[in-house]
Amino acid sequence: MSLLDRYIARQYLINIVVLLVILFCFVVAVDVSINLDRFTKIAEQLGQQEDAPPSGFRKTVVIVLVIFDLWWPRLLQLFNFLLGMVLVGAMGFTCSQLVRNREFIAMLSAGQSLHRVARPLFIVAAALTLVQGLNQEFVVPQIAPLLVRDHTQAGSRDLASAEVPLIADGQGRVLRAATFDPSTGILEDLFVIERDERGRAVRVIRARRATYEQGGWTLVEGFTEPRGSAADPTSTPQAAASRTAPIDRLETSIDPTRLTMERFKTYQNALSFSQVSAMLSRRDLLDADARAQLERIRWGRFAILLSNMLTLVIAMPFFVTRVPENMVIQSLKCAPIAITALMGGVLGASAELPGLPPAIGVFVPTLVLIPVGIATLTSVRT
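Treat the numbers as computed from the prediction; the structure is a model and nothing was measured.

**Q** How do you make sense of the nonpolar core when you look at a structure like this?
**A** Within soluble globular proteins, side chains that are nonpolar tend to cluster in buried spots. One finds Y12, I16, L87, M91, F104 and V117 to be the most contacted residues of the largest nonpolar core, which totals 38 residues. At the level of secondary structure, the elements contributing two or more residues to this core comprise α1 (3-47), α2 (56-100), α3 (103-109), α4 (115-139), α9 (288-315) and α10 (327-350). A total of twelve residues in this core trace back to one element, the largest contributor, which is α2. If near-sequence neighbours (up to four positions away) are discounted, V117 is found in contact with I8, F104, M107 and V320.

The structure is reproduced here in structure tokens:
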């Protein structure tokens, strides 16, 4: 990489970092201003665990630590969401600086093509896109439980237990439980209804506790009881009790990850490619809707990465100009196009397209942006 390339790449990288810091600070500041009372209450609760009441300075430090504990994992995920927009915005600032200092004119006077500007920009953008992909696949899945905490759980590492409403698996069963603890993966008071192909209940499974082990639930004090046509409605309670049978294991596609996804809808976006692939490998235990949703999650993140890079290509001709332009006007022209391209990539990766498999449908916006990107990049006058 030449001196000119390093200079442009350095300016671009500095602008990206500055924009990210500004956006992060803005988001955190807005959240803190709205929820400061909650953070203060948590700090007071932590202070009550000590013998002596904490001083004002120590209480302030605890509040800052609680805010940091809640937001550092969120900022890692926010980085993935904002990077596409930041790449375009930082490119605009970088080119504005070069235009203001007449450095494009100097490059043209030296016989350099303006396409040279694109090379360091693409290298930096591709490197950060790679970082985004690695962050999504290796970092975010490790901190996924921390991402679904609300403000009342700041400072803690365990998610609160909650009731499991009725949820169906791929084999026609319907499951519910009194409580589910995401940190331990234990169900309390499990109740499962097995149905036939017409949706009628044929058997009930009950257990005092269930623990997920080796692809299934190990039941404690579990038993089965026939229902519907499999039971005799005229029999006595004693006869019904005699028809129960013990059961110590239940195989189902509903695992702790699926339960957490049902409780926290954003949890599914924190799963890695390998985790989603492992869930999809159990073909006989997932219904069609669940499989389609997981397929969109698995391939949609790659479509978003490609859409971010293509949006950068589409926005580049607005700022890489041979003649000095008013960059404010150029930004106003570029903004609706870039926002539409970025939002199209995000919506296309999550929306269902009738008639297309999810693995192909998520790439439709990318396929639309490819010819647009080629046309705009070749339109740069140099």
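Having put the structure on the table, let's press on.
**Q** Looking at this structure, how should I read the packing of α4 against α9?
**A** The description of two helices packed together rests on the angle between their axes and the distance between the axes. Two elements in contact, α4 and α9, have axes whose closest approach is 11 Å; the angle formed by their N-to-C orientations is 160°. Relative to α9, α4 is oriented roughly antiparallel. Viewed along their axes, α4 and α9 form a crossing whose handedness is right-handed. Of the residues in α9, those touching α4 at L121, F122, A125, A126, T129, Q132, G133, Q136 and E137 are R301, L305, N308, M309, L312 and V313. Of the residues belonging to the contact of α4 with α9, the class tally is eight nonpolar, five polar and two charged.

**Q** Could you clarify how one ought to interpret the packing of α9 against α10 in this entry?
**A** Interaxial distance between α9 and α10 falls to 7 Å at its minimum, and their mutual angle equals 165°. Judged by the inter-axis angle, α9 sits roughly antiparallel to α10. The way α9 lies across α10 gives a crossing that is right-handed. Residues R296, G300, I304, S307, N308, T311, I314 and A315 of α9 pack against C334, I337, A338, A341, L342, G345, V346, A349 and S350 of α10.

Reading guide: rules and limits
Per chain, residues are indexed from 1 in the order of the written sequence. Confidence filtering applies because this is a predicted model: local features only for residues at pLDDT of at least 70, side-chain atom pairs given and counted only at 80 or more, and all residues used for totals across whole chains, interfaces and linings. With hydrogens and water set aside, each side-chain value is computed from the structure's full complement of heavy atoms. Buried Ala, Val, Leu, Ile, Met, Phe, Trp, Tyr and Cys residues that are joined via side-chain atoms within 4.5 Å together make up what is termed a nonpolar core. Think of it in three bands: residues with accessible area under 20% of the maximum for their type are buried, residues over 50% are exposed, and the middle band is partly exposed, with areas taken using a 1.4 Å probe on protein chains only. Helix and strand assignments follow DSSP, with helices taken as H or I runs no shorter than four residues and strands as E runs no shorter than two, numbered in order from the N terminus. Between two residues, a contact is recorded if the distance between any of their heavy atoms is within 4.5 Å. Simply put, an axis is a line fit to the C-alpha atoms, just over the touching stretch for a helix, and the angle between two N-to-C directions goes from 0 to 180 degrees. These descriptions rest on fixed angle ranges, namely under 35 degrees for roughly parallel, over 145 for roughly antiparallel, 65 to 115 for roughly perpendicular, and the rest for oblique. What makes a crossing left-handed is the near helix being turned counterclockwise from the far one by less than a right angle; a clockwise turn instead makes it right-handed. Three residue categories are used. Nonpolar comprises Ala, Val, Leu, Ile, Met, Phe, Trp, Tyr, Cys and Pro, charged comprises Asp, Glu, Lys and Arg, and polar comprises the others, including Gly.

Any link to function would need more than the numbers given here.
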